[in-house]
Every structure is written in C-alpha cells, then in structure tokens.
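# Structure at a glance
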Amino acid sequence: MDIRQAFLDFFASKGHKIYESSPLVPDDASLLFTNAGMVPFKNIFTGEVPAPNPPRAASCQTCIRAGGKHNDLENVGHTARHHTFFEMLGNFSFGDYFKEEAIAYAWEFVTEVLELPVQKLWVTVHESDDEAEEIWARHIARDRILRMGDKDNFWQMGDTGPCGPCSEIFYDQGAEHFNGPEDYLGGDGDRFLEIWNLVFMQYERDSEGNLTPLPKPSIDTGMGLERVVAVKEKKLSNYDTELFMPIIREVEKLVGKTYEYESGASYRVIADHLRSTTFLLAQGVNFSNEGRGYVLRRILRRAVRHGYMLGLREPFMYRLVDVLVAIMGGHYTYLAEKKESVKQMMALEEERFFATIAAGIELFEKELKNTRKLFSGAVAFKLYDTYGFPLDLTQDMLKEKGLEVDIAEFERLMQQQRERAKAAWKGSGDAKVEGDFKALLEAFGRNTFVGYDQLKAESRVLAVLNDSFARIKCLEPGQRGWVLLDLTPFYAESGGQRGDVGTLRVMNGGDVIAEVTDTKKFFDLNLSEVTAKTKLCENDLVEAVVDTLRHEIAKHHSATHLLHSALRTVLGDHVTQAGSLVEADRLRFDFSHPKALTGEEIAAVERWVNDLVERGIEAETEEMDMESAKARGAMALFGEKYGEKVRVVSIGDASVELCGGTHVHNTAEIGMFLITKESGVSAGVRRIEAVCGHAAYELVTSMRGTLSQITAELKAKDAIQGVAKLQEQVRTLKSEIKELQRGKKADVKAGKIGDVVVVVDEVDAGDIKQMIDDLKNAHEKVAVMLFQKKGDKVLIAAGQKGTPLKAGAWVKEIAPVLGGGGGGRDDFAQAGGKRPEAIGEAKERALEYLKKNLE
C-alpha cells in the first residue's frame, strides 16, 4: 500500500488542495531546516498573510531534525523511532473546518483507508477539552479516551501567538511485545505508539499568558509516515520496514556481515543518514564549515564513522544512493534527476574524511587511555580542527564508553578560533521581515507586474509604507519607505536577478517625485523601495520609469543561461545550478562540479557562449503548464516557487529553462562574454564570475590601458618579452644575494645548559633558517632561537636537536612578547612579530624558558 499517496488522495477527495513538499531549507529566518509539516503554512497560521483558497490543505512534507532546538541526531540508530530525516503527513484548515471534521477525517482514514483495527486504537484529549471528548465518543468507546494535561496535549508555536489543545491517536503494539513499568497509555514506554496528532488552534496567547479565543480557529495535524508504515507492516521498529531495509541489505553486502537488530545500530545510522544527506544535497545544500552545510557535513561524517566501525575503509555512502532513489524517487522525482551530482559530491566528502579518520581515531584512543571522567576538550578540539571530527561525533564515541567531553575547554578553544577567523555563523543570514502585508493583500490582492513588455507605466500608488513596513498616508521629502503600485514595471529581486531601480515621476515625463532604489517581493507583493524627493501619498498617479541599467541586467541574465548550458556541454550533465547573482555589471554562477576547471575548460566554456552570441539566436518566452514545460526539457531550480503556469525562456536549442527574470530578445544583444574568475565555494561546488555587454567593454578597455602602462614601464614593445627579461634579472640578483649570505658567517653567542648547546641571539642579516640548520648539523644536542629585524617587523625562528624541547611550543611562548604569533614542528618553528624594540625582553624570556625546560 502506498500510504503517502493514499493520504493525499483521501484529503483531495475532502476538498483539500494538495501541496508539494516544500524545501528542507525553509523561507523562515528563525529555522535551520523545515522540521514540521506546518512550517510552510506558518505565515498563514500567524495571520501574516490571508488564508488561501480553498482554505484547507494537505501535504507530505520532508523534514530534518538534526540541528538547533529540534535535534534528534544522537538518538538515531539507538531507538526504533528517531530519524534525522522523516516525512510528515498533514492536513490543515485555515479558519475553515474545526474539531468535528478533523476528528471525523482522521478516524475515517485510520479505520477505513488504513484499516487499522479499532481494538488497537486509543485517543487522548486535553484535560479541559470536553468538546473533543464528546466528538470522539461518536467514533470510539469512552473508556478508550484518556484526558491528559498541558505537557502532553497542549500545543503552542512559541511563548506567544496561536495555540490550543491537541488530540492524539495511539496504536497499541501489544503487551506481548512491551510490558515494562512505563508501557501504559501516557507512559514513556513503546507499547502505545502515537501515530497522529491533531492540533486545535483555537486561542491566541499574549505576553501575559492570557488566552483569547480566535475568531476563526484552525487545524494543524501531523502523522509520521515512517511510523504508520511500520504499523501497517506489523513491524516494531521503523527501520524494519520497506523504507529502510533495502538500504540496510545493501550495507550488509558492502560490509559482508549479516545485520542483526540488537547489534545493528551502525547499519541503522547509515540508512537514516543516507536519506538526510541525499535529500539535502539534491535540494542544493552543500558541505561547508558553517550553518546548514556544516550540519550536512556532520551527518555524513557520522555515517562514515559508523561504516568505519563496520570495517569499511573507503567511500561507501555514495554507492547506496541508487537504492534510496529506487525507494523514494517515484514520489520525489528530483532525486533521480540529481542522482549523479549527489553521488559525486558525497564521494568527494567521504574521501576527505577517510583520509584523516584513521589518524583521528588513533589520537582519540590514545587520549582515552588518559581519561577517567572528562575527555580533554583540547584533544576534542584538535579532532575537530585538524581531523575533521565534529564535536558530536567525538561525543558519540565517548557515549559508547560512558564518558563526556570537557565542553568548557572545547568551547573556549572554539571561541578563540572564531575570534581569529571572525567567521562565526549568525543564523541563516536573513532578517525576519514583519509588516502590514496581510492587510495589503486583503485590500488589494497581488499587484501586477508589466515590466516584461515595457520599462515605463502609468501607475497608481495603492499604499505607502515606512521603512519598518507599517502603512502610512504619505512620505515626506527625504523620507525613505516603500510603495505598492497597482501596475509596476519594476522587477522584484528573484531567481538571482537584482531588483530594478528607477524613478517615480509626474505623469507624462515630468519631475522626479521619488528615486526607486530597490524592488523586492514580500508575500507575493511587488514593493519598490523609494526615497521621496517631493511629497508622495496614497492614490497619487505616477509615471513609473525603470532605469536603463535593466537592459544590462537582461544581458547578464541571458548570458547566465548560456553559461549553464555551456558548462553542461563542456563538463557533463552532472552540472546543476547551485546559486546565481545577476547584476548590471557582472554575473556569478555557482554549480556542482568536483574539481577546479582547467584553463582549457574555461576557454572552451567562454568560446561556447561567445559562439552563440555571435550567431544572433532569437530568445523566446512562453507561458505553459509545468507538465508541458518538462516535456520541452526545461530545467527547473529546486526550491523556486512555480505557479500553475510557468514561464519558459528558450534560446534556440541551446538553453531551455524555467525563469521569471528579464532577458534579451536576441543573443547578439549580449555582446562580448568574458569569464573573470573561477573558484571554489565549498566541497563539490565551483563558482564562475563573468561580464558581458558594456561591462565587458569596460573590462577590455581597462585591460588595454593596463597593458600599455606595463609595456611603458618595461620599456619594451612586447610585454611578455619584457617580463621574461625582468624575471631573469630577479633570478640573477637572488643568486648573488644567496652567495653573499653564505659568505657571511653568523656571529652568534653560544652557551650550555647541561650537555645541550644553547643559542639565543639576534642576527642582522642572513638566512636564519639556514643558520639554525648549520648549528643543528654541528652539534648532537642543541637548542637555538634567533631573532632578525625586518623593517618594523621581527622574524623569529627556533630549532632543536636531541633535546626534550619542542620548538613549536617554545615559539608560541615567546612570539607574543614581540606582538606576534606562530608555531611549527617539534624540531623547527618560526613566527613573526611587530615589536622589534622588545627583542631584548624576548631573548631573556627565551633563556628563562630553556632553563626551566632543560635543567
């Protein structure tokens, strides 16, 4: 039985609109990942936007709980129910039906569609919810209804806002399987399994904690697909179902050992984490050291470590992707489309971790022998910083030994690193926007964009907002704010294309009323940011004029489409878009590819685009339904919101993409296309930056001017020959300097501590590394630290041979005296400083260090 489809079909028959699963990266700055079925509808429940039509919905939402407040990572594999990735079936009512229908629908689906036996079902309601109990009593015996308190049966979105009692449906898995002291309805045992939660959103909680009845109460329900599949298949663990067992069987083949449930936690971790990593990668999240990309890295590396425990010594996760696609690709078709790209990125990340995992585990085991209660935070940090072990992976390994890590020490070192790098991740990077959007939508609906066909429009100002998005009557001269126009030619930032700028003028080309400095979309409202030059009020008639820069933006956007096709042609079909930026003077395109492009590949891509530009190919734009667009071979971006009708931009046979942006009519308008930079963004993701049109002309003009300057400075007609001549002169001079340095013996003062020759001195010139090497060659036991002024800086180098001293530790101790830092190996280390006047003090401290460590 396809429970997912049965659920969606059932609620479609009850008048619900079926919504596709929203992206795992939500359009919500407060969340790391989509972690519940209601997340895509949050703005409706909070009243920020009006209810849709119809005001009832159903979905099967993919969710991740592996970071932030909602984090099930450490429990995965050790329980029957915890997952980092899961699917949540849900039906929702936005002020439409309420308890009676919600309960009736749930009961009908559970008993008639799923055909679960009534004698196995139990229900809980909130202790104060007489209404829910009375409704349930029409469907199930009263002695199978249990009242419970706020902890179990009251739901709230936050400290304030919509909230209400909830009712849960439980399935009795049988006393023959579970008969512990907590195996009762309401207990913490596994006998009574919650399968569906019905939330009755009927109150608004204020900051004082007071509950006010909502005028239009709503319904939010959630049923975990994995649990229901387990119940239907009569399995006591989600991992024993058809959703997971094919993956576990494939792991068995790779490992060469039979899976047994009691000792099979590592198999389960791998199966679960495969789902998370595959879906995140397929949806465009990439491995990185911060934010969502770091959570993705943690999940994959945790799985790899469990594979290592099973005896695997080379990348294996990527080899499991095909099995997952076979299980879930029928419903989530993008998995098959992105499969090869996902496997490439996964294999690359696995290779990186496998390169360090053995050394990391060796360090872990070595420190474990010295650990009684707390594992060293410094070693945990080194495992993280040097060997790529996320902290929770180290904690996982310690949990198996009944130990904990010294978190305080780890965090102290982590904070020091953050301060040095100044790269701590601060949330999603998006600011939460609040304003009078719901009122505007209810009053005016969506405004109309006319900018595809015209760069000028006669418009009425429907609403004026201040810079906090609160509605006001007018903007005074010099005041910044936002305007909602009934007809707007200004393109709102979307799909990587920057929002339009321009002016609002008196009708028929009159004086400027306001400068338009940006255009953005908020809840489907196209709003333009303005700075008023004269008073600007609601209901004013204005002439909205888009700046001529728009045409340069269109050139760069069309060039981006051609670049995408060129990369797929030159590098292969695994290339998929991972992000873009389109501006008037540049474009940036991120794409999946495992390694840097060669010079030849970059040249081939650039040549491919310019060839199409020179051929003057017509660009066509059509609107059609999604199925027709897919049949045309149009490429879509995951996470973009497409309506019933989609816009397809075709450039001959070279490029066919779904796109809401603005484009040229003919490729000849693009002009010259030049790639300015190729770089890496993260593991498996590359970036190309390029210019075209006027920006390309400006770049060539600048380069020509620079070349003229170079040839003038070199006093050569041919710049290449001039540079070659200069390089030869530099080589000759370097050789002469080395000869001079070799001839100048370092006059350093040596002493002894015990049987160790010690040298701590300042030298004026020469290669201090070579001096240290010479001293080490001349003595069996020696410790040397030399200082050398270089302008207003100081070079410090230290070395030792045949002593217990560690040069790196010595340098780290002394360098701060000179206002610097550095380090290195036990036998040689070097550093730099900014306080040459402190050399005397540094020499004294260096000698004190020697006496303390050698005597």
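These numbers were taken from a predicted model, which means no experiment stands behind them.

Moving on, we come to the nonpolar core. Judged by nonpolar contacts, the single largest core of 117 residues is most densely connected at Phe 7, Trp 136, Trp 196, Met 317, Phe 375 and Phe 389. With twelve residues, helix α11 (residues 334-368) is the single largest residue contributor to this core. Those residues within four positions of Phe 7 in sequence are excluded, and the remaining contacts are Ala 58, Ser 59, Leu 89, Gly 90, Asn 91, Phe 109, Trp 196 and Met 223.

Geometrically, the link from Asn 53 to Pro 54 is a cis peptide bond, its omega value of 5° lying close to zero. In this structure, Pro 54 sits in the loop between α2 (42-45) and β2 (56-64). Although it is not a glycine, Phe 523 adopts a positive phi angle of roughly 50°. By the secondary structure assignment, Phe 523 is in the loop between β21 (512-522) and β22 (525-532). The phi angle at Asp 524 is positive, at roughly 70°, despite the residue not being glycine. Among the secondary structure elements, Asp 524 is positioned in the loop between β21 and β22. The class of Asp 524 is partly exposed, set by a relative accessible area of 39%.

Right, let's get into helix α10 (residues 321-328). Residues of α10 that are buried: Val 321, Val 323, Leu 324, Val 325 and Met 328. Of the surrounding elements, those touching the buried residues of α10 are α1 (3-12), β5 (85-93), α7 (245-255), α8 (265-282) and α11.

Looking now at the pairing of strand β18 (residues 480-485). Along β18, five of the six residues are buried, which leaves the element largely enclosed by surrounding structure. Summarising the sheet, strand β15 (residues 456-466) and β18 pair through five bridges and their orientation is antiparallel. Bridging across to β18, Asn 466 finds its partner in Gly 481. The pairing of β18 with β22 spans five bridges and is classified as antiparallel. Paired with Gly 481 across the bridge in β22 is Val 530.

Time to look at the packing of aromatic side chains. With the rule as written, the count across this model stands at 40 aromatic pairs. Plain terms: the ring middles of Phe 381 and Phe 410 are 6.0 Å apart, the flat faces sit at 65° to each other, and that makes the pair edge-to-face. A residue pair is termed long-range when its members are at least 10 positions apart, and Phe 381 in helix α12 (residues 377-385) and Phe 410 in helix α14 (residues 407-421) qualify at 29 residues. In terms of burial, Phe 381 and Phe 410 fall into one category: buried. Geometrically, the ring pair formed by Phe 437 and Phe 522 is stacked, given 5.5 Å between the ring centres and 10° between the ring planes. Linking Phe 437 in helix α15 (residues 437-444) with Phe 522 in strand β21, this pair joins segments that are 85 residues apart in sequence. Exposure remark for Phe 437: the relative accessible area of 1% places this residue in the buried category. A relative accessible area of 10% means that Phe 522 is categorised as buried. Cluster of aromatic residues (ring-pair linked, three or more members): Phe 7, Phe 10, Phe 11, Tyr 97, Tyr 105, Phe 109 and Trp 196. Lying over the aromatic face of Tyr 261, Arg 268 brings its terminal NZ or CZ to 4.0 Å of the ring centre. Of note, Lys 769 hangs over the ring of Phe 828, and the distance from its end group to the ring centre comes to 5.3 Å.

Right, let's talk about a positive patch on the surface for a bit. A cluster of basic residues, Lys 366, Lys 382, Lys 806 and Lys 812, forms a positive patch on the protein surface. Along the polypeptide, Lys 812 turns up in helix α22 (residues 807-814). Residue class for Lys 812 comes out exposed when judged on its relative accessible area of 56%.

Attention shifts here to the state of the cysteines. Tallying each qualifying case throughout the model produces one disulfide. Each disulfide pairs two cysteine sulfurs, and for Cys 474 the partner residue is Cys 537, the sulfurs being separated by 2.0 Å. For the disulfide bridge between Cys 474 and Cys 537, the dihedral angle about the S-S bond is near 110°, and by the sign convention the bridge is right-handed. Here the residue Cys 474 occupies a position in strand β17 (residues 474-475), and Cys 537 occupies one in strand β23 (residues 536-537), the gap between them amounting to 63 residues. You can see Cys 166 has no disulfide; the closest cysteine sulfur is in Cys 163, sitting 11 Å from it. Classification of Cys 166 by relative accessible area gives buried; the value is 2%.

The tally for this structure, following the rule as stated, stands at 43 salt bridges. A salt bridge links Arg 191 to Asp 172; the shortest N-O distance between them is 2.9 Å. In this pair, Arg 191 is assigned in the loop between β9 (161-172) and β10 (192-205) and Asp 172 in strand β9, connecting sequence segments 19 residues apart. For Asp 172, a relative accessible area of 8% puts it in the buried group. Of the charged contacts, one joins Asp 773 and Lys 769 as a salt bridge, the two residues approaching to 3.4 Å between their closest N and O atoms. You can see Asp 773 and its partner Lys 769 sitting in helix α21 (residues 768-778), four residues apart, about one turn around the helix. The exposure class of Lys 769 is partly exposed, given its relative accessible area of 39%. Residues participating in the shared-partner salt-bridge network are Asp 130, Glu 133, Glu 134, Arg 142 and Arg 147.

Further remarks concern the packing of helix α9 (residues 291-309) against α11. Where α9 contacts α11, the axes come no closer than 10 Å and their chain directions differ by 60°. Classified by the angle between their axes, α9 and α11 sit oblique to one another. The way α9 lies across α11 gives a crossing that is right-handed. Residues Arg 297, Leu 300, Arg 301, Val 304, Arg 305 and Tyr 308 of α9 form the contact with α11, whose participating residues are Met 346, Glu 349, Glu 350, Arg 352, Phe 353, Phe 354, Ile 357, Ala 358 and Ile 361. In terms of residue class, the contact of α9 with α11 is built from nine nonpolar, no polar and six charged.

Thresholds, definitions, all that
Here the residue index of a chain counts from 1 through its sequence in written order. Local features in this predicted model are restricted to residues whose pLDDT is 70 or higher, and side-chain atom pairs enter the listing and the counts only when it is 80 or higher, whereas totals over whole chains, interfaces and linings include all residues. Note: side-chain values were computed over all heavy atoms of the structure, leaving out hydrogens and water. Throughout this description, the term nonpolar core refers to a set of buried Ala, Val, Leu, Ile, Met, Phe, Trp, Tyr and Cys residues connected via side-chain atoms within 4.5 Å. Buried residues are those whose accessible area, probed at 1.4 Å on protein chains only, stays under 20% of the maximum for their type, while exposed residues exceed 50% and partly exposed ones sit between those limits. Per the convention used, a helix needs a DSSP run of H or I reaching at least four residues, while a strand needs a run of E reaching at least two, with both numbered from the N terminus. Two residues qualify as a contact provided that any one of their heavy atoms is within 4.5 Å of a heavy atom in the partner residue. Pairing between strands requires that DSSP locate at least two bridges from one strand to the other. Planes of paired rings set the category: under 30 degrees apart is stacked, over 60 is edge-to-face and the rest tilted, where pairs are Phe, Tyr or Trp rings (Trp by its six-membered ring) whose centres lie within 6.5 Å. Either the NZ atom of lysine or the CZ atom of arginine qualifies as a charge over a ring when it sits within 6 Å of the ring centre and within 35 degrees of the ring normal. Like-charged residues are merged into a patch within 9 Å and nonpolar side chains (Val, Leu, Ile, Met, Phe, Trp, Tyr) within 5 Å, provided each residue has over 30% relative accessible area and no salt bridge. Computed by Shrake-Rupley with a 1.4 Å probe, the accessible areas treat only the displayed protein chains as cover when residues are assessed. Whenever Lys or Arg places a side-chain nitrogen within 4 Å of a carboxyl oxygen from Asp or Glu, that contact is recorded as a salt bridge. The charge count includes Lys and Arg as positive and Asp and Glu as negative, but it does not include His or the ends of the chains. Here the site of a charge means NZ on Lys, CZ on Arg, CG on Asp, or CD on Glu. Cysteine sulfur atoms that come within 2.5 Å of each other are treated as a disulfide pair. Every axis corresponds to a line fitted to the C-alpha atoms, with the helix fit spanning only the stretch in contact, and the corresponding angles, defined between N-to-C directions, vary from 0 to 180 degrees. To sort the angles, those under 35 degrees are grouped as roughly parallel, those over 145 as roughly antiparallel, those from 65 to 115 as roughly perpendicular, and the leftovers as oblique. Each crossing gets its handedness from the near helix: less than a right angle anticlockwise from the far helix is left-handed, clockwise is right-handed. Amino acids outside the nonpolar list (Ala, Val, Leu, Ile, Met, Phe, Trp, Tyr, Cys, Pro) and the charged list (Asp, Glu, Lys, Arg) are all regarded as polar, and Gly is one of them.

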